[in-house]
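Observations on chain architecture
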Amino acid sequence: MRIRRTLGTAVLAAAAVLAAGTVAPAQAADATAPAAAPVAVLTHTALAGPNVSVGDVLVADLVAGTTANFSSSATGTSGIKCATSAFSATVLTNPAAPGTATESLNTQTFGSCTANVIGVTGVQSITVNNLAYVNSVSDAAGSPVSLDPGTAGPVQTTVVLKTILGTITCVYRAPGGLAGTTNNTGQTIGFNAQALPKVSGPSTCFPVGYFTATYGPVRDVSVAGSPVVFVN
């Protein structure tokens, strides 16, 4: 009887050792598995989706059916309307949320523009000067955006208008930058009646240009399928 009990005890001990040997590696693997990356301010595809990578290029056109406007007053209807506009920006930083991501606004274009300003017969061109600008996108309350000057100079736009007496050039500048907001409904970025005072040009140029435009959806063209971008 004593021999049988000894053999039984040995068998149970061996089984326990084998069981421990099969479990331990799995436990060790779990302990060394890398932690998931925190959700960043900017993600693509969905809220809390894959993080947008630094260096990715984000693009957007005007929201369908809208125009980019340079009005002569904050609430007025006279000025310039452009049926097309687009931008391209490169992501500089994208920290964990909550926080502020930064982008380099590399290009911004305007086209198919018309004017209803007295003495003006058409719009020859609108050019954004001193690029690149720094675009800061925050996930704070109100989803604020700040478009600030870069190293090339202040936020500035040159407008060339056709008049009954020939072409005139109007230069508008916002040294302090522009303020806007983002919206995860439609993945848009918008600016409303942002003032750019005139720094040069004849009296036909209105004294202040108020810029209003909404772009979207913003897409990450560095990712296959160009998914939309969310602010977390």
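Once a new chain begins, its residue numbering starts again from 1 and follows that chain's sequence as written. Local features are withheld for residues below a pLDDT of 70 in this predicted model, meaning they are given only at 70 or higher, and side-chain atom pairs are given and counted only at 80 or more; totals for whole chains, interfaces and linings count all residues. The side-chain values count all of the structure's non-hydrogen atoms but skip hydrogen atoms and water molecules.

**Focus on the overall build of the protein**
Put simply, the rule is: Each helix corresponds to a stretch of at least 4 residues labelled H or I by DSSP, and each strand to a stretch of at least 2 residues labelled E; elements are numbered beginning at the N terminus. A simple rule labels every residue: compare its accessible area, found with a 1.4 Å probe on the protein chains alone, to the largest value its type can have, and call it buried under 20%, exposed over 50%, or partly exposed in between. By the convention used here, residues are in contact when the closest approach between their heavy atoms is within 4.5 Å. All accessible-area figures derive from a Shrake-Rupley calculation using a 1.4 Å probe, and residue coverage is judged against the displayed protein chains alone.
Counting its regular elements, the protein contains one helix and 15 strands. Evaluated residue by residue, the protein yields a buried proportion of 39% over its 232 residues. At a minimum sequence separation of 6, the contacts of the protein that also span at least 24 residues come to 63%. Of the roughly 11,800 Å² that the protein leaves accessible, carbon and sulfur atoms contribute 62%.

**A look at the side chain of aspartate 220**
Here is the rule: Think of it this way: Lys and Arg go in the positive column, Asp and Glu in the negative one, and His and the chain ends go nowhere. Throughout this description, the term salt bridge denotes a Lys or Arg side-chain nitrogen within 4 Å of a carboxyl oxygen of Asp or Glu. N or O atoms within 3.5 Å of each other form a polar contact, as long as, within protein, one can give a hydrogen and the other can take it, and as long as residues adjacent in sequence are counted only when both atoms are side-chain atoms.
Take aspartate 220: it is sitting in strand E14 (residues 219-220). Of the side chains with opposite charge, arginine 219 comes closest to the buried, unpaired aspartate 220, at an N-O distance of 10 Å. There is a polar contact of 3.0 Å between the side chain of aspartate 220 and the backbone nitrogen of serine 222. Not counting residues within four places of it along the chain, the set of residues in contact with aspartate 220 comprises His44, Val52, Asp56, Val57, Leu58, Ser226, Pro227 and Val229.

**Regarding the environment of glycine 176**
Take glycine 176: it is sitting in the loop between strand E10 (166-174) and strand E11 (178-183). Glycine 176 sits in the exposed class, given a relative accessible area of 67%. For the pair glycine 176 and proline 149, spaced 27 residues apart in sequence, the C-alpha separation works out to 7.5 Å.

**Describing the environment of threonine 66**
Relative to the assigned elements, threonine 66 resides in the loop between strand E2 (57-61) and strand E3 (68-71). The class of threonine 66 is partly exposed, set by a relative accessible area of 30%. Residues threonine 66 and threonine 214, spaced 148 residues apart in sequence, show a C-alpha to C-alpha distance of 7.6 Å. Ignoring any residue separated from it by four or fewer positions in sequence, one finds threonine 66 in contact with Ala83 and Thr214. In this structure the side chain of threonine 66 is engaged in a polar contact, spanning 2.7 Å, whose partner is the backbone oxygen of valine 63.

**Topic: the packing of aromatic side chains**
Filter applied, for reference: Note on aromatic pairs: the rings of Phe, Tyr and Trp (six-membered ring only in Trp) are paired at centre separations within 6.5 Å, and the planes decide the class, stacked below 30 degrees, edge-to-face beyond 60, tilted for the rest.
Counting across every chain of the model gives six aromatic pairs. One aromatic cluster is present, built from ring pairs that chain together Phe70, Phe110, Phe191 and Phe211.

**Observations concerning the confidence of the model for the protein**
This is how it is decided: Note on scores: pLDDT gives the predictor's confidence for each residue, bounded by 0 and 100.
On average, residues of the protein score 89 in pLDDT, and 85% of them reach the 70 mark or higher. Within the model, the stretch residues 1-29 combines pLDDT values under 50 with zero contacts to residues more than four positions away or in other chains.

**Quick word on the state of the cysteines**
Under the convention used in this document: Here, the term disulfide refers to a pair of cysteine sulfur atoms separated by no more than 2.5 Å.
Applying the stated criterion across every chain yields a total of two disulfides. Covalent S-S linkage joins cysteine 82 and cysteine 113, the inter-sulfur distance amounting to 2.1 Å. Given an S-S torsion of about 105 degrees, the disulfide between cysteine 82 and cysteine 113 has right-handed geometry. Of this pair, cysteine 82 sits in strand E4 (residues 79-93) while cysteine 113 sits in strand E5 (residues 100-115), and the two are 31 residues apart along the sequence. Classification of cysteine 82 by relative accessible area gives buried; the value is 0%. Of note for the protein: the bonded cysteines, numbered N- to C-terminal, pair according to 1-2, 3-4.

**A closer look at the nonpolar core**
Put simply, the test is: Among buried residues, those of type Ala, Val, Leu, Ile, Met, Phe, Trp, Tyr and Cys that are joined through side-chain atoms within 4.5 Å constitute a nonpolar core.
By size, the foremost hydrophobic cluster in this structure holds 45 residues, and its most contacted members are Leu42, Ile80, Phe110, Ile126, Phe211 and Tyr215. Considering each element in turn, this core owes the most residues, five residues, to E4. Excluding anything up to four places from it in sequence, isoleucine 80 contacts Ala68, Asn69, Phe70, Cys113, Thr114, Ala115, Val123, Ile126, Val159, Leu161 and Phe206.

**Description of the pairing of E2**
Rules: When DSSP finds at least two bridges between two strands, those strands are taken to pair.
By the alternation rule, side chains of E2 split into Leu58 and Ala60, which are all buried, and Val57, Val59 and Asp61, of which none is buried. Pairing geometry for E2 and E4, over five bridges, is antiparallel. By the bridge assignment for E4, alanine 60 is matched with phenylalanine 87.

**As for the side chain of asparagine 69**
By the element assignment, asparagine 69 lies in strand E3. A polar atom in the side chain of asparagine 69 sits 2.7 Å from the side chain of threonine 67. Setting aside its immediate chain neighbours within four residues, asparagine 69 contacts Ile80, Lys81, Tyr210, Phe211 and Thr212.

**Re the pairing of strand E13 (residues 208-215)**
The side chains of a regular strand alternate between the sheet's two faces. For E13, a buried count of six out of eight residues is recorded, marking the element as mostly surrounded by other parts of the structure. Strand direction decides the pairing type here: E3 and E13, joined by three bridges, are antiparallel. By the bridge assignment for E13, asparagine 69 is matched with threonine 212. Across seven bridges, strand E12 (residues 188-200) lies against E13 in antiparallel orientation. Opposite proline 197, over in E13, you have valine 208 as the bridge partner.

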